[in-house]
Amino acid sequence: MNETRRAVLSALETDTVSGPALAERLDVSRAAVWKHVEALRADGFAIESGDEGYELTGVPEFGGAAIEVGLDAPFAVEYHDAIPSTNDRARELATAGRADVAVVADEQTGGRGRLDREWSSPSGGVWLSLVLRPDVPPASAPTFTLAAAVATTRAAREAGVDAHIKWPNDVLVETPDGERKLAGILTEMEGEADRVSWLVVGIGVNANVAPDDLPADAAGTSIREVAGDVDRRVFTQRLLEEFDALRSDLDGVLPAWREHAATLGQRVRVETGEKAVVGEAVDVTGPGTLVVETESGRQSVTAGDCEHLRPE
Ligand code: BT5
């Protein structure tokens, strides 16, 4: 969004302000203020002009400016009604040197999961990718995936969904028919030997999505199915705020992850590509390695697909 327009919006966020006062505060003409107010109205903001000045009385249901209003985290939001993949767009922004941008879409036409799997992304979801430039070594990158899983789980719980994390990156809901996937995370990175250049953390949440719109074989669920429709603007803000708090305290990520995880203490089968590791998941150690107690001793797994097995 245009800087002045953003400033008009943030002024109206806390107060009713007159046109002349706004013009003076932002050092622009009254005509410019009026133009920005009109543009905001055209974007769906309800701004009333009364005796005291302009009053913000309503924000659009979803969208970039809507998410930025009242957001207590330093992300600029780039919104698309539809886009092939927010991760692809975030990679472009990362390559161009940007940081702390959240690319958000209502619908993705080419959503990606891990290992080039498809990620179904119908309209009504929260499909979001963060562009980050943390000053950490590449080995610490998985911590940001864990942080995204914690942030998503917390936001889902606030929306009334009893969500848990399955190692490493799935957010699940336990249903009478078994575990259902509510959200997935795809982290991509470019780095040098000793430090990360950029990270793109892609988070896909089945928010206001009908179960019929999810792939039949995916065992997915949505916030709509479990708890009814969520205010996606507030949900996205809470997710971004929780993520921002976690990345500012990386030592706190692993304990928070453990607290929200359904995997620890379970019998699991982890497909690593080369082999299957079967046993009890006993711990996750930094920066996201799963420790499995198998018949032949403890094994550490850094990546793979994890299945929760029924107890023997
Ligand atoms: C993931 O992969 O779980 C990572 C998903 C990341 C999606 C986000 S959306 C924003 C950003 N932009 C992108 O293009 N991607 C990211 P994985 O663990 O590989 O799981 C993929 C598998 O989940 C698929 O093979 C399906 O079986 C299943 N699946 C596909 N769409 C689903 C959905 N909407 N809900 C639940 N399961 C789904």
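The structure displayed is predicted, hence computed values, not measured ones.

Draft legend 1. Molecular detail of the site of the ligand. Near the ligand there are 27 residues, and of these Ser85, Arg112, Arg117, Lys181 and Asn206 occur at the shortest range. For the ligand, a nitrogen atom lies 3.2 Å from a polar atom in the side chain of Thr86. Separating an oxygen atom of the ligand from a side-chain N or O atom of Lys181 is a distance of 2.8 Å. For the ligand, whose accessible area on its own is 800 Å², the fraction buried by protein is 92%. Counting only elements with at least two residues in the shell around the ligand, the list comes to helix 5 (86-95), strand 5 (126-132), strand 8 (178-191) and strand 9 (196-205). Take the shell around the ligand: its biggest share by element is four residues, from strand 8.

Draft legend 2. The arrangement of the pattern of salt bridges in detail. Taken as a whole and assessed by the stated rule, the structure comprises 24 salt bridges. Where Glu3 meets Arg6, a salt bridge forms, and the shortest distance between an N and an O atom there is 3.0 Å. Taken together, the residues Glu3 and Arg6, both in helix 1 (residues 3-14) and three residues apart, mark about one turn of the helix. Judged by its relative accessible area of 24%, Arg6 falls in the partly exposed class. Of the charged contacts, one joins Asp170 and Lys166 as a salt bridge, the two residues approaching to 3.8 Å between their closest N and O atoms. With respect to class, Asp170 is no different from Lys166; both count as buried. One continuous salt-bridge network, built from bridges that share partners, spans Arg154, Glu158, Arg238, Glu241 and Glu242.

Draft legend 3. Local environment of the sheet that holds strand 11 (residues 276-285). Pairing in this open sheet of five strands is antiparallel, and the strands run 13-12-11-10-14 from one edge to the other. Edge strands, defined here as strands with exactly one partner in the open sheet, are strand 13 (297-301) and strand 14 (305-309). In this sheet, adjacent strand axes meet at a mean angle of 45° when their direction is disregarded. Strand direction decides the pairing type here: strand 10 (residues 267-271) and strand 11, joined by five bridges, are antiparallel. Of the residues in strand 11, the one forming a bridge with Val268 is Gly279.

Draft legend 4. Region of the structure containing the domain arrangement of the chain. When the domains of the chain are assigned, the result is domain 1 (3-58), domain 2 (64-259) and domain 3 (267-308). In this structure, domain 1 and domain 3 have C-alpha centres spaced 55 Å apart.

Draft legend 5. Region of the structure containing the packing of helix 1 against helix 3 (residues 30-42). Contact geometry for helix 1 and helix 3: axes closest at 10 Å, N-to-C directions at 80°. Between helix 1 and helix 3, the angle is such that the two are roughly perpendicular. On helix 3, the residues touching Thr4, Arg5, Val8 and Leu9 of helix 1 are His36, Val37, Ala39 and Leu40. For the contact of helix 1 with helix 3, the class distribution of residues is five nonpolar, two polar and one charged.

Draft legend 6. Structural detail: the packing of helix 6 (residues 141-158) against helix 9 (residues 253-260). Axis separation between helix 6 and helix 9 bottoms out at 9 Å; the angle between their running directions is 45°. Judged by the inter-axis angle, helix 6 sits oblique to helix 9. Handedness of the crossing formed by helix 6 with helix 9: left-handed. Contact residues: Thr143, Leu146, Ala147, Ala149, Val150, Thr153, Arg154 and Arg157 in helix 6; Val253, Leu254, Ala256, Trp257 and His260 in helix 9. When the residues that make up the contact of helix 6 with helix 9 are grouped by side-chain class, the tally is eight nonpolar, three polar and two charged.

Draft legend 7. A look at the environment of Ala139. Within the secondary structure, Ala139 sits in the loop between strand 5 and helix 6. For Ala139, a relative accessible area of 55% gives the class exposed.

Draft legend 8. Spatial organisation of the pairing of strand 12 (residues 289-294). With respect to burial, strand 12 is a largely interior element, five of its six residues being buried. Where strand 11 meets strand 12, five bridges bridge the pair, whose relative direction is antiparallel. Residue pairing in the sheet places Val284 in a bridge with Leu290 of strand 12. Following strand 11, the chain reverses through three residues before pairing antiparallel with strand 12; Gly288 in that reversal takes a positive phi of roughly 125°. Relative to strand 13, strand 12 runs antiparallel, the two being bridged by five bridges. Opposite Leu290, over in strand 13, you have Val301 as the bridge partner. Between strand 12 and strand 13, which pair antiparallel and follow one another directly, the connecting turn spans two residues.

Calculation rules
- Residues numbered from 1 in each chain as written.
- Predicted model: local features only at pLDDT ≥ 70, side-chain atom pairs only at ≥ 80, totals over all residues.
- Heavy atoms only, no water.
- Near = heavy atom within 4 Å.
- Polar contact = N/O pair within 3.5 Å; in protein donor to acceptor, adjacent residues only side chain to side chain.
- Areas by Shrake-Rupley, 256 points an atom, 1.4 Å probe, with all protein chains shown as cover.
- Helix = DSSP H or I, 4+ residues; strand = E, 2+ residues; numbered from the N terminus.
- Salt bridge = Lys/Arg side-chain N within 4 Å of Asp/Glu carboxyl O.
- Buried < 20%, exposed > 50% of the residue type's maximum accessible area, 1.4 Å probe, protein only.
- Pairing = 2+ DSSP bridges.
- Axes fitted to C-alpha atoms, helices over the stretch in contact; angles between N-to-C directions.
- Domains from an automatic or database assignment.
- Parallel < 35°, antiparallel > 145°, perpendicular 65-115°, else oblique.
- Contact = heavy atoms within 4.5 Å.
- Nonpolar A, V, L, I, M, F, W, Y, C, P; charged D, E, K, R; others polar.
- Left-handed = near helix turned anticlockwise from the far one by under 90°.

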